[in-house]
Amino acid sequence: MKKTPGSCTIDHLVITAPTLEAGAAYIMTELGVTMEPGGEHPRMGTHNLLLRLGPTCYLEVIACSPSLPAPNRSRWFALDRLGPDSPPKLATWVARTADIHTTIACATEDPGDVERMSRGELDWLITIPPDGTLPLGGSVPALIQWHRGPHPATRLPDRGLALSGLEVFHPDPDRITGLIASLAMTSPVTVTASRRIGLAARIATPAGPRTLGGVSS
């Protein structure tokens with residue numbers, strides 16, 4: 001019998017940066033807000049900053065941590081490929097599921113291997129390609145299944161920001177549309193044909209709508 005996935009929704013957006021300071025400055029420029037401290041991921045040698053985008057959605061700035069030893073594997077979100085002068089960017093997105101293994105079985109694209117991760121009191125399963133790359137250049141979301149306790153967004157102060165939509169740019173839009181359908185995505189995700197791969201997040205802020213990311217012509 002063919003498996004049927006439960007619905008998926010956008011869990012968080014991932015901004016990669018060479019340092020947390022560079023990522024925080026980028027968010028201040030683009031959204032006009034200060035990010036909240038996150039924590040460290042010892043298995044990946046990374047640390048992050050966080051920003052609430054709704055009751056169960058947030059934005060993450062992630063970078064290699066100078067205080068942690070390099071892992072004996074590739075870091076996630078292609079962080080090993082960043083140079084010291086690489087600009088912060090909306091690199092990929094993460095979709096939440098209640099059953100990560102069934103969702104992977106239904107997905108039309110491979111999001112990577114399921115890894116168990118933790119940060120402080122938080123504990124979750126997430127897909128990570130063994131080589132640390134971003135599947136289809138970040139168009140394919142990492143899948144996450146949270147364990148224990150409330151969603152991380154509930155721990156963050158409400159700054160009046162909300163994710164209103166995500167646009168995926170790709171040369172093969174039908175491929176991405178098929179993936180989103182296979183994930184039974186309930187969040188507002190649109191797909192646009194483009195010569196270049198990229199993401200654009202529409203975010204409502206107290207100062208009006210803003211857009212993170214996008215693609216250049």
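The coordinates are above.
Residues numbered from 1 in each chain as written. Predicted model: local features only at pLDDT ≥ 70, side-chain atom pairs only at ≥ 80, totals over all residues. Heavy atoms only, no water.

Caption draft 1: Representation of the sheet that holds strand β3 (residues 46–54). Taking strand neighbours across the sheet as the criterion, the eight strands line up as β2-β3-β4-β1-β5-β8-β7-β6 in an open arrangement whose pairing is mixed. For this open sheet the edge positions go to β2 (36–41) and β6 (113–119), each flanked by a neighbour on one side alone. For this sheet the average axis-to-axis angle between neighbouring strands, irrespective of direction, equals 30°. Note: strand β1 (residues 9–16) against strand β4 (residues 57–64), five bridges, orientation parallel. Among the inter-strand pairings, I15 is bridged to a residue of β4, identified as V61. (Pairing = 2+ DSSP bridges. Helix = DSSP H or I, 4+ residues; strand = E, 2+ residues; numbered from the N terminus. Axes fitted to C-alpha atoms, helices over the stretch in contact; angles between N-to-C directions.)

Caption draft 2: The sheet that holds strand β10 (residues 189–193), seen in detail. Read from one edge to the other, the open sheet built from four strands follows the order β10-β9-β11-β12, with strand pairing classed as mixed. Each end of this open sheet is capped by a strand with a single partner; those strands are β10 and β12 (208–213). Strand-to-strand, the axes of this sheet are offset by a mean angle of 20°, without reference to chain direction. Note that strand β9 (residues 162–170) and strand β11 (residues 198–205) share seven bridges and pair antiparallel. From the neighbouring strand, V168 faces β11, where its bridge partner is L199. Contacting β11 and β12, helix α1 (residues 20–31) crosses the sheet at an angle of about 140° to β12. This element, helix α3 (residues 173–182), spans β9 and β10 of the sheet and lies at about 165° to β10. (Contact = heavy atoms within 4.5 Å.)

Caption draft 3: Here's a closer look at α1. Here α1 is 12 residues long and its end C-alpha atoms lie 16 Å apart, about the 16 Å a rise of 1.5 Å per residue gives. Burial in α1 covers these residues: L20, G23, Y26, I27 and L31. Buried positions in α1, seen along its axis, are confined to an arc of 120° and lie on one side of it. In this structure, α1 carries E21 and T29 as exposed residues pointing more than 90 degrees from its buried face. Among the structural elements, β1, β3, β4, β11 and β12 are those in contact with the buried residues of α1. G32 sits one or two positions beyond α1 and adopts a positive phi of about 75°. (Expected span 1.5 Å × (residues − 1). Buried < 20%, exposed > 50% of the residue type's maximum accessible area, 1.4 Å probe, protein only. Arc of directions from axis to C-beta.)

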